[in-house]
Amino acid sequence: MGIKIITKNCEMMSDISKFDKNINCHNFENESKLLDELKENGTVVVLGNFDGVHRGHKMILKNAIEKAKEKGYKTIVYTFNEYPSKRENRITTPVEKAFLIDKIGIDCLYLEEFDNVKDFTPEEFVEKILVRKFNVKEIFCGFNFTFGKGKSGNIKTLGKIISSNYQDRIGLNIQQPVLDSENEVISSTRIRQYIKNTELLKAKELLSHNLIIIGEVIHGKKLGRTIGFPTANLKFENKIYPSFGVYGIYVQIENDENRIYHGVMNIGRNPTVDKDNLSVEAHIFDFDEDIYGKVIMVQILENIRKEVKFNSVAELKEQINSDSKFWRKRIDEKYYDTSKNR
């Protein structure tokens, strides 16, 4: 069974339920029955933002799962659906975050609306959310976790509240910084900078997975099909992308997610034919099925070249052919076995 998602609007999370049928979503108004089942024996609640779901996040999530199995509890990741002011700086959309957290084995992802709790004092947050709503027995959070109105609470505040109000009936587990191979702290901030700089290998080292894009295939201009390179078009989301250009990719398709296809993808404005609109377009090698309306996941592997404006569609076609030949050679050299480099 997959992760259970609780959120304000399941329609916003429909892509993940379509891509993985084992993942179920429940709206806030229908959460009571599910929460009653989850918290019957108590829960382990993991607090944080988890943008990117990097190596540090994965460690705290795995530690929480281990504790839950030991005690017979269920695991809940409690995080915000999104901060509206930070959407353009996020590594993962809520859908992509849910996919990555599900793979680790968490029971429930609770996507809170920031406005619902922004005025809670630290004491109110612990009592109303952690104790009453979740019947929490163990709390996991990072060393720099803050909570409560105006970020007025931190891990010291949390420890004092638990000790004073709950006589230490709730365990508090603080995840210390996780370091990379150069003894620097792994953080979403560093990963964002690597993505902006198109330093994909450095980003992958901190993430421990390739950069991903999950979305529904939408109708585009269909130019690619007329020149022999049909593309699957995805909506350009408010998130961080690497620099505009062409990339080598893996692709997985709804209802066929166990199979991994090779391909190339353009991120950018397509300045030769459509300079005003941002787009994400994937050309899947050796594939010619109608997948409009289906959800796909793209793993970005390498940058092939930067975005260039060509003098004609004929020149563009010639370059796409050259990009494809180059990437097929790279597949033979490094990416043929799709069980690796993921």
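Enquirer: How should I be thinking about the overall build of the protein chain in this particular structure?
Expert: Scanning the protein chain for helices and strands turns up 11 helices and 13 strands. A compact globule built from 342 residues would reach a C-alpha radius of gyration of about 20 Å, and the protein chain, at 22 Å, matches this within 12%. Principal-axis analysis of the C-alpha atoms gives the protein chain an extent of 75 × 45 × 35 Å. Taken over 342 residues, the protein chain has a buried fraction of 52%. Pairs at least 24 residues apart make up 72% of the contacts formed inside the protein chain by residues separated by at least 6 positions. Summing over all exposed atoms, the protein chain offers an accessible surface of approximately 16900 Å²; the carbon and sulfur share of this is 45%.

Enquirer: Would you mind showing me how to read the sheet that holds strand S4 (residues 74-80) here?
Expert: Consider a sheet: its strands pair through backbone hydrogen bonds, and that pairing is either parallel or antiparallel. Pairing within the open sheet is parallel, and its seven strands lie in the order S2-S1-S5-S4-S3-S6-S7. If you trace the sheet from one side to the other, it starts and ends with strand S2 (24-27) and strand S7 (171-175), each paired once. With direction set aside, neighbouring strand axes in the sheet form an average angle of 20 degrees. Against the sheet, helix H3 (residues 55-71) touches strand S3 (43-47), S4, strand S6 (136-142) and S7, its axis set at about 165 degrees to S6.

Enquirer: Can you walk me through the pattern of salt bridges in this structure?
Expert: Pairing between side chains of opposite charge can happen when their charged atoms approach one another. Considering all chains together, one arrives at 18 salt bridges under this definition. For Glu254, the salt bridge is made with Lys21, and the minimal N-O distance between the two is 3.9 Å. Note that Glu254 is positioned in the loop between strand S10 (245-253) and strand S11 (256-268) and Lys21 in the loop between helix H1 (14-19) and S2, a separation of 233 residues in sequence. Linked by salt bridges that have partners in common, Asp20, Asp102 and Lys103 make up one network.

Enquirer: Before we go on, may I ask you to explain the environment of Leu211 in this structure?
Expert: Residue placement: Leu211 occurs in strand S8 (residues 211-218). Here Leu211 falls in the buried class, since its relative accessible area comes to 10%. Separated by 16 residues in sequence, Leu211 and Ile195 place their C-alpha atoms 8.6 Å apart. Ignoring anything within four residues of it in the chain, the contact list for Leu211 reads Ile91, Ile195, Leu200, Pro242, Val298, Gln299 and Ile300.

Enquirer: What is the right way to read the pairing of S7 from this model?
Expert: Where burial is concerned, the two faces of S7 differ: the one with Gly171, Asn173 and Gln175 is buried and the one with Leu172 and Ile174 is not. With five bridges connecting them, S6 and S7 associate as parallel partners. Paired with Glu138 across the strands is Gly171, a residue of S7.

Enquirer: Where do I start with the packing of aromatic side chains in this structure?
Expert: When we look at a pair of aromatic rings, we describe it by the centre distance and by the angle of the planes. Under the criterion given, the structure shown has 14 aromatic pairs. Ring centres of Phe19 and Phe99 lie 5.9 Å apart, and the angle between their planes is 70 degrees; on these two criteria the pair is classed as edge-to-face. Separated by 80 residues along the polypeptide, Phe19 in helix H1 and Phe99 in helix H4 (residues 94-104) bring together distant segments of the chain. Both residues of the pair, Phe19 and Phe99, count as buried. Taken together, the ring pairs in this structure connect Phe28, Tyr78, Phe80, Tyr110, Phe114, Phe125, Phe134, Phe145 and Phe147 into an aromatic cluster. Just above the ring of Tyr241 sits the side chain of Lys239; from NZ or CZ to the centre is 5.7 Å. Positioned above the aromatic ring of Phe285 is the side chain of Arg328, whose terminal nitrogen or guanidinium carbon lies 4.1 Å from the ring centre.

Enquirer: Hey, could you run me through the packing of helix H8 (residues 188-196) against helix H9 (residues 200-207) in this one?
Expert: Packed helices, taken two at a time, are described by their axes: the angle between them and the distance between them. Running from amino to carboxyl end, H8 crosses H9 at an angle of 155 degrees, the nearest separation of the two axes being 8 Å. Considering the angle they form, H8 stands roughly antiparallel to H9. Relative to H9, the crossing made by H8 is left-handed. Side by side, H8 and H9 meet where Arg190, Ile191, Tyr194 and Ile195 of the first sit next to Lys202, Ala203, Leu206 and Leu207 of the second. Of the residues in the contact of H8 with H9, the class split is six nonpolar, no polar and two charged.

Enquirer: Help me out: how do you make sense of H4 in this one?
Expert: Each α-helix turn comprises 3.6 residues. Residues three or four places apart therefore point the same way. When you tally the buried positions in H4, you get 10 out of 11 residues, the bulk of the element. Within H4, the full set of buried residues consists of Pro94, Val95, Glu96, Lys97, Ala98, Phe99, Leu100, Ile101, Asp102 and Ile104.

Enquirer: Just to check I follow, could you spell out the sheet that holds strand S13 (residues 295-306) for this structure?
Expert: Read around the barrel, six strands follow the order S8-S9-S12-S11-S10-S13 and close on themselves; strand pairing throughout is antiparallel. For this sheet the average axis-to-axis angle between neighbouring strands, irrespective of direction, equals 45 degrees. As paired strands, S8 and strand S9 (residues 232-234) are joined by two bridges and run antiparallel to one another. Bridge assignment links Ile218 to a residue of S9, and that residue is Asn233. The strands touched by H9 within the sheet are S8, S10 and S13, with S13 carrying the most contacts at an inclination of about 140 degrees. Most of the contacts of helix H11 (residues 313-335) go to S13, to which it runs at about 100 degrees, and overall it touches S10, S11, strand S12 (279-284) and S13.

Enquirer: I tried to follow the state of the cysteines on my own but got confused; where do I start?
Expert: What we call a disulfide is simply a covalent bond connecting the sulfur atoms of a pair of cysteines. What the rule picks out here adds up to one disulfide. Sulfur-sulfur distance for the disulfide between Cys10 and Cys25 comes to 2.2 Å. Its S-S torsion of approximately -90 degrees makes the covalent link between Cys10 and Cys25 left-handed. Note that Cys10 is positioned in the loop between strand S1 (4-7) and H1 and Cys25 in strand S2, a separation of 15 residues in sequence. For Cys10, a relative accessible area of 15% puts it in the buried group. Of the cysteine sulfurs around Cys108, a residue in no disulfide, the closest is that of Cys25, at 9.9 Å.

Cut-offs applied
- Numbers given for residues are sequential positions, taken from 1 along each chain in its written order.
- pLDDT decides what is reported in this predicted model: residues at 70 or higher carry local features, side-chain atom pairs at 80 or more are listed and counted, and totals for whole chains, interfaces and linings draw on all residues regardless.
- Values reported for side chains reflect all heavy atoms of the structure, with hydrogen atoms and water molecules removed beforehand.
- Numbered from the N terminus, helices here are DSSP runs of H or I no shorter than four residues, and strands are runs of E no shorter than two.
- The quantity called the radius of gyration is restricted to C-alpha atoms. Its globule counterpart is 2.2 Å times the number of residues to the power 0.38.
- Only protein chains enter the accessibility calculation, which uses a 1.4 Å probe; a residue is then buried when its area is under 20% of its type maximum, exposed when over 50%, and partly exposed in between.
- A contact between two residues is defined here by any heavy atoms of the two lying within 4.5 Å.
- Areas reported as accessible are Shrake-Rupley estimates using a 1.4 Å probe. Residue values count occlusion only from the protein chains shown.
- The rule for pairing is simple: two strands pair if DSSP sees at least two bridges between them.
- All axes here are fitted lines through C-alpha atoms, helices being fitted over the stretch that makes contact, and every angle between N-to-C directions spans 0 to 180 degrees.
- One speaks of a salt bridge when a side-chain nitrogen belonging to Lys or Arg is within 4 Å of a carboxyl oxygen belonging to Asp or Glu.
- Between 30 and 60 degrees the pair is tilted, below 30 it is stacked and above 60 it is edge-to-face, where a pair is any two Phe, Tyr or Trp rings, Trp via its six-membered ring, whose centres lie within 6.5 Å.
- In our convention, an over-ring charge means Lys NZ or Arg CZ found within 6 Å of a ring centre and within 35 degrees of that ring's normal.
- An angle below 35 degrees is read as roughly parallel, one above 145 as roughly antiparallel, one from 65 to 115 as roughly perpendicular, and any other as oblique.
- Crossings are assigned a handedness: left-handed for a near helix turned anticlockwise from the far helix by less than a right angle, right-handed for a clockwise turn.
- Following the grouping adopted for this structure description, the nonpolar residues are Ala, Val, Leu, Ile, Met, Phe, Trp, Tyr, Cys and Pro, the charged ones are Asp, Glu, Lys and Arg, and the polar ones are all others, Gly among them.
- Any two cysteine sulfur atoms within 2.5 Å of one another count as a disulfide.

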